[in-house]
Amino acid sequence: GGIWRPALISILMVSGQYLLLGFSLSDLKQVHHLNLAVGGLILAVSQLGGGLGRVLTGVISDRIGGRQTPVLAACGATAALMSWVVALMPQAVPLAVLAAIWFVYGMGAVGWNALNMTWAGESGRPEHSGFAMSSVGTAAFLGSAVFPPLFGALVDATHRFGIGWGLLGVVLALAAVLAWHFGRTAQRAAA
């Protein structure tokens, strides 16, 4: 086991959470020409999706025997897919469609966090679970410090949000593949 696996997933997955929160309003205003009030509503919808995602990930994980990694992989894949959808969307998109996209995006990009912390707490001996969870939480801060400036610099250099969202999708897809791989490796080791 070891906490390096959930720590790595945290570093990668938090990119989606922070970039969704940090850049959605600018994208919705500049690319889709929404005013800040309407953009704020769309962003709030993503947070509702994230809240629901945190509940659903726990329910699904419990239903499949307490395994977190397949559910984390699904969150990463969902967030990656929505990143690519946002990257490729035309300027004129109906509000209801934008709301639905940001809701699902939030489910994947925000919904993973509590489940990953649970995985961290269960990755070592029970008497070290507090240290494991706090270490993985610290790893998430590393990701939240690295990815937003990179995204911002990329958008500034290209004058296109789509390129930033597209590359974010690659990072989130990598997180999904790694979470899936870590889960398969753990299952084989337990067998």
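Structure: above.
A.B. asks: Sorry if this is basic, but what is going on with the overall build of the protein here?
C.D. replies: Scanning the protein for helices and strands turns up 7 helices and 0 strands. Helices and strands appear in the protein in the N-to-C order α-α-α-α-α-α-α. The C-alpha radius of gyration of the protein comes to 17 Å, within 12% of the 16 Å expected for a compact globule of 191 residues. Once the C-alpha set of the protein is aligned to its principal axes, its extents read approximately 50 × 35 × 25 Å. For the protein, with 191 residues in total, the buried portion stands at 46%. Nonlocal contacts in the protein, meaning residues at least 24 apart in sequence, comprise 80% of its contacts between residues at least 6 apart. Element-wise, carbon and sulfur atoms account for 70% of the exposed surface of the protein, whose accessible area totals about 9100 Å². For the protein, the centre of its 9 positive side-chain charges and the centre of its 5 negative side-chain charges are spaced 8 Å apart.

A.B. asks: What is the right way to look at the packing of aromatic side chains in this model?
C.D. replies: Geometry of an aromatic ring pair is reported as the spacing of the ring centres plus the angle between the planes. Applying the stated rule across the entire model yields 6 aromatic pairs. An aromatic cluster is defined as three or more aromatic residues linked by ring pairs; in this entry it consists of Phe23, Tyr105, Phe151, Phe161 and Trp165. Positioned above the aromatic ring of phenylalanine 182 is the side chain of arginine 5, whose terminal nitrogen or guanidinium carbon lies 5.5 Å from the ring centre.

A.B. asks: Can you walk me through the nonpolar core in this structure?
C.D. replies: Note on soluble globular proteins: their nonpolar side chains tend to be buried together. Leu98, Trp102, Tyr105 and Trp165 are the most contacted members of the largest nonpolar core, which has 42 residues in total. Breaking this core down by element, the ones donating at least two residues are α1 (4–30), α3 (69–88), α4 (95–111), α5 (113–121), α6 (129–158) and α7 (161–190). It is α3 that contributes the most residues to this core, 9 residues altogether. Excluding anything up to four places from it in sequence, tryptophan 102 contacts Leu20, Ser24, Asp27, Leu28, Ile42, Ser46, Val86 and Met89. Counting residues in each nonpolar core, the second largest holds 5 residues, with Ala7, Met117, Val136 and Ala139 among its members.

Basis of the calculations
Residue numbers restart at each chain and count upward from 1, following the sequence in its written direction. It should be noted that, the model being predicted, local features are given only for residues of pLDDT at least 70 and side-chain atom pairs only at 80 or more, the latter also being counted only at that level, while totals for whole chains, interfaces and linings use all residues. Hydrogen atoms and water are omitted, and side-chain values are computed over all heavy atoms in the structure. Labels follow the DSSP assignment, with helices taken as runs of H or I lasting at least four residues and strands as runs of E lasting at least two, numbered in each case from the N terminus. In this description the radius of gyration comes from C-alpha coordinates, and the expected globular size is given by 2.2 Å times residues to the power 0.38. Under the scheme applied here, a residue whose accessible area is under 20% of the maximum for its type counts as buried, over 50% as exposed, and between as partly exposed, the area being computed with a 1.4 Å probe on protein chains only. The contact criterion used is simple: two residues touch if any of their non-hydrogen atoms lie within 4.5 Å. Here the Shrake-Rupley method, with its probe set to 1.4 Å, supplies the accessible areas, and only the displayed protein chains count as covering residues. In this tally Asp and Glu are treated as negative and Lys and Arg as positive; neither His nor the chain ends contributes. Where a charge sits is defined by one atom per residue type, namely NZ (Lys), CZ (Arg), CG (Asp) or CD (Glu). For this analysis, a ring pair means two rings from Phe, Tyr or Trp (six-membered ring only for Trp) whose centres lie within 6.5 Å, classed as stacked if their planes differ by under 30 degrees, edge-to-face if by over 60, and tilted for the remaining angles. When the NZ atom of lysine or the CZ atom of arginine is within 6 Å of a ring's centre and also within 35 degrees of its normal, the charge is said to sit over that ring. Here, nonpolar core refers to any group of buried Ala, Val, Leu, Ile, Met, Phe, Trp, Tyr and Cys residues whose side-chain atoms link them within 4.5 Å.

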